Amino acid sequence: MTTVKAVRGTRDLLPPETALWNRIEATARAVFARYNFGEIRTPVFEDTALFARGVGEETDIVSKEMYTWEDRARAQSEKTQSLTLRPENTAGVVRAYIEHKLGETGQLQKLFYIGPQFRRERPQKGRYRQFSQIGAEVIGPTSSGSESPLRDAEVLEMLATLLDELGITGWTLHINSVGSAADRARYNEVLREALVPVAPRMCVDCQRRAVTNPLRVLDCKVPEDQPIIEALPKIADSLDEDSKQHFAGVIAALDAAGVPYTRNHRLVRGLDYYTRTTFEFTHGGLGAQNALLGGGRYDGLSEAIGGPKAPGIGFAMGEDRLVLTLQAQEAARPEPRHAYIAPLGEALNPAALALARELRRGGLTVELGDGNFRLKKSFEAAEKTARRIVILGEDELASGILTVKEFATGIQTKVPRSDLPAVLAAPVSA
Ligand code: AMP
């Protein structure tokens, strides 16, 4: 019989790697709490129309990558409905904001989420069909200050803090402004004209985009096209006064807070409800899929899915890529267990459990052996998982003096039971 395997593009996460996932999520939650964000959990599947409108029919995500099915009616009162596994979470959050009338509180809503997303992409390192995003949105009526450039800068400063606290070194923040929908329409025409003389020297995709969707030329990765693209007009020169001032406000706050960034004129999103600030954090260690996270302002999104005016800014970070980055940095080496307890003989198993309980309750990470193992086997198992082995035989139990061996140095000592927690918690002596 053929064996059943995990579906292409999906993965099992196993220990010890799951410990790293948990650490990342705990750090994110702690940072979000300090910035006064609250958690939102939206359903994993939604009405397909939400993503068609909220992500954009013409995007790759909606046109090729969604897991969509017709959900059959189970009763007369139900209709057959097209449903989709969420490919991202911003649309779901904004839907919930509208559905629960969060705007009517008049308060700025600061919401974060952590969860799986689904896209039928070509799997490769750092790109999966089920992946996890950690993201946040700051959204509210204009009167709540949701349009202020200070909110953009605060989100970026929070991200810099989060990456630093995760221990991710060497990230780069790329930032740009795409202005308003009108600015972008103007820029599109400027680009279209500028591309007429040079497009014939570019790749076939660019030749097509030059006519159909000039903005997409900026995404081209073909090396030969790069000097041509670098010489094209920049969107910064097509922004109106309001957009320019908003961006200047973001930059001034980032400078004051000391958050490093680079201007990237090619960071342009084509959809109408994306406005003003766009950004991406990249990491050199990730290879082709080098984006750790992306985000930006979406002042028109709520209206695009039938809600009230609710300017907002948000981001989504790829948790899988945070894990890859930390693993590559070797910062992720699992902490070895403090101790392995080896009972000498089956009769000592109950006493070993009692000792393990005492130490674990004191906060130590303890692996409990088994008195049915020969001592040699216990030593082999212990050396693989723990810094020290504690031997518990009849004599040790009676005297309360235990034998402890430290693997790194080979040193063996006798330790009174009451000193055991401190001895096991201490770093290895070598
Ligand atoms: P996006 O929602 O496309 O703006 O992506 C935001 C972030 O999610 C990216 O910067 C990646 O880190 C991550 N991401 C997007 N798609 C995938 C995927 N298929 N597999 C893993 N991570 C992804």
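Residues numbered from 1 in each chain as written. Predicted model: local features only at pLDDT ≥ 70, side-chain atom pairs only at ≥ 80, totals over all residues. Heavy atoms only, no water.

**Comments concerning the site of the ligand**
- Taken together, 14 residues lie around the ligand, and Arg119, Glu121, Tyr128, Gln133 and Ala291 are the ones closest in.
- Arg119 is positioned such that a nitrogen or oxygen atom in its side chain is 2.8 Å from an oxygen atom of the ligand.
- At a separation of 2.8 Å, a nitrogen atom of the ligand approaches a polar backbone atom of Tyr128.
- Protein burial of the ligand: of its 480 Å² of free accessible surface, 84% is covered by the chains.
- Classifying every residue of the shell around the ligand gives 6 nonpolar, 4 polar and 4 charged. (Near = heavy atom within 4 Å. Polar contact = N/O pair within 3.5 Å; in protein donor to acceptor, adjacent residues only side chain to side chain. Areas by Shrake-Rupley, 256 points an atom, 1.4 Å probe, with all protein chains shown as cover. Nonpolar A, V, L, I, M, F, W, Y, C, P; charged D, E, K, R; others polar.)

**Describing the packing of aromatic side chains**
- According to the stated counting rule, one finds 7 aromatic pairs in the structure shown.
- Ring geometry for Phe32 and Phe112: centres 4.6 Å apart, planes at 25°, overall stacked. Taken together, the residues Phe32 in helix H1 (residues 17–34) and Phe112 in strand S5 (residues 109–118) connect sequence positions 80 residues apart.
- Note on Phe32: relative accessible area 0%, which makes it buried.
- Between the aromatic rings of Phe45 and Trp69, the centroid separation amounts to 5.9 Å while the plane-to-plane angle is 70°, which identifies the pairing as edge-to-face. In this pair, Phe45 is assigned in strand S2 (residues 45–47) and Trp69 in strand S3 (residues 68–71), connecting sequence segments 24 residues apart.
- Among the aromatic residues, those joined into a ring-pair cluster are Phe32, Phe37, Phe112 and Phe315.
- Geometry around Tyr67 places Arg120 over its ring, the cationic atom sitting 4.4 Å from the centre. (Phe/Tyr/Trp six-rings, centres within 6.5 Å; stacked < 30°, edge-to-face > 60°. Helix = DSSP H or I, 4+ residues; strand = E, 2+ residues; numbered from the N terminus. Buried < 20%, exposed > 50% of the residue type's maximum accessible area, 1.4 Å probe, protein only. Lys NZ or Arg CZ within 6 Å of the ring centre and 35° of its normal.)

**Let's talk about the side chain of Ser177**
- Examined against the element boundaries, Ser177 turns out to sit in strand S7 (residues 171–177).
- Exposure remark for Ser177: the relative accessible area of 2% places this residue in the buried category.
- Of note is the side chain of Ser177, whose polar atom sits 3.2 Å from the backbone nitrogen of Gly179.
- Those residues in contact with Ser177 that sit more than four places away from it in its chain are Ile235, Leu239, Ser243, Phe247, Arg276 and Thr277. (Contact = heavy atoms within 4.5 Å.)

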